[in-house]
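Structure at a glance
One letter stands for each residue in the lines below.
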Amino acid sequence: QVQLVESGGGLVQAGDSLRLSCAASGLTFSTYNMGWFRQAPGKEREFVAGISWSSGGTYYADSVKGRFTISRENAKNTVYLQMNSLKPEDTAVYYCAAKRGILTTGSPYWGQGTQVTVSS
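In short, a report on the structure.

Comments concerning the overall build of the protein
Looking only at helices and strands, the protein features zero helices and 11 strands. Beginning at the N terminus, the succession of helices and strands in the protein can be written as β-β-β-β-β-β-β-β-β-β-β. For a compact globule of 120 residues, the expected C-alpha radius of gyration is about 14 Å, and the protein comes in at 13 Å, within 12% of that figure. When burial is assessed residue by residue, the protein has 43% of its 120 residues classed as buried. Long-range pairs, those at least 24 residues apart, make up 56% of the contacts in the protein between residues at least 6 apart in sequence. For the protein, the accessible area works out to roughly 6100 Å², and carbon and sulfur atoms hold 47% of it.

Laid out in structure tokens, this is it:
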């Protein structure tokens, strides 16, 4: 079965950086669009960043453009999210997602999430 395992979350101060990783198994990784979503307390899950399986093209939510970078390493079945200049409003549980097709529609495969807390 498909498994997505996130790691790299933690407690940091505003302005710091973190790199999240998501290791995938049980799927042909190179044929899946991969992405990151987040959910803050009391809020709905929202899209953060995505990367195409075919072109490697990347796309971001406006709130993280210029600060976050998504990348993938197909040889390791892993997708990363480099987060720089973190803000308290970035505090959330971050989820890895995998889908054949558009990430933001339907139901992708989900990881269990990793907590990111940014203190002011």
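And the narrative resumes.
Topic: the sheet that holds strand β1 (residues 3-7)
Pairing within the open sheet is antiparallel, and its four strands lie in the order β1-β3-β8-β7. Edge positions in the open sheet fall to β1 and β7 (68-73), since each of these has one partner strand only. Each strand of the sheet is rotated relative to its neighbour by a mean of 15 degrees, with strand direction disregarded. Both strand β3 (residues 18-25) and strand β8 (residues 78-83) contribute to a ladder of six bridges, which runs antiparallel. Paired with Cys 22 across the two strands is Val 79, which belongs to β8.

Concerning the state of the cysteines
The full count for this structure, using the stated rule, is one disulfide. Paired by a disulfide, Cys 22 and Cys 96 hold their sulfur atoms 2.1 Å apart. Measuring handedness by torsion sign, the sulfur bridge of Cys 22 and Cys 96 sits at about -80 degrees and is left-handed. Of the two residues, Cys 22 is situated in strand β3 and Cys 96 in strand β9 (residues 92-99); the sequence distance between them amounts to 74 residues. Relative accessible area serves as the criterion here: at 0%, Cys 96 is assigned to the buried category.

Thoughts on the side chain of Arg 67
Examined against the element boundaries, Arg 67 turns out to sit in the loop between β6 (58-60) and β7. You can call Arg 67 buried: its relative accessible area is 11%.

With respect to the environment of Ser 71
Summarising the element assignment, Ser 71 is placed in strand β7. Assessed through its relative accessible area of 31%, Ser 71 is described here as partly exposed. Ser 71 sits 21 residues away from Gly 50 along the chain, and the two C-alpha atoms are 8.7 Å apart. Here Ser 71 is in contact with Ile 51, Thr 78, Val 79 and Tyr 80, once residues within four sequence places are set aside.

Definitions and limits used
Residues numbered from 1 in each chain as written. Predicted model: local features only at pLDDT ≥ 70, side-chain atom pairs only at ≥ 80, totals over all residues. Heavy atoms only, no water. Helix = DSSP H or I, 4+ residues; strand = E, 2+ residues; numbered from the N terminus. Rg over C-alpha atoms; globule rule 2.2 N^0.38 Å. Buried < 20%, exposed > 50% of the residue type's maximum accessible area, 1.4 Å probe, protein only. Contact = heavy atoms within 4.5 Å. Areas by Shrake-Rupley, 256 points an atom, 1.4 Å probe, with all protein chains shown as cover. Pairing = 2+ DSSP bridges. Axes fitted to C-alpha atoms, helices over the stretch in contact; angles between N-to-C directions. Disulfide = S-S within 2.5 Å.

On their own, these measurements won't tell you what the molecule is for.
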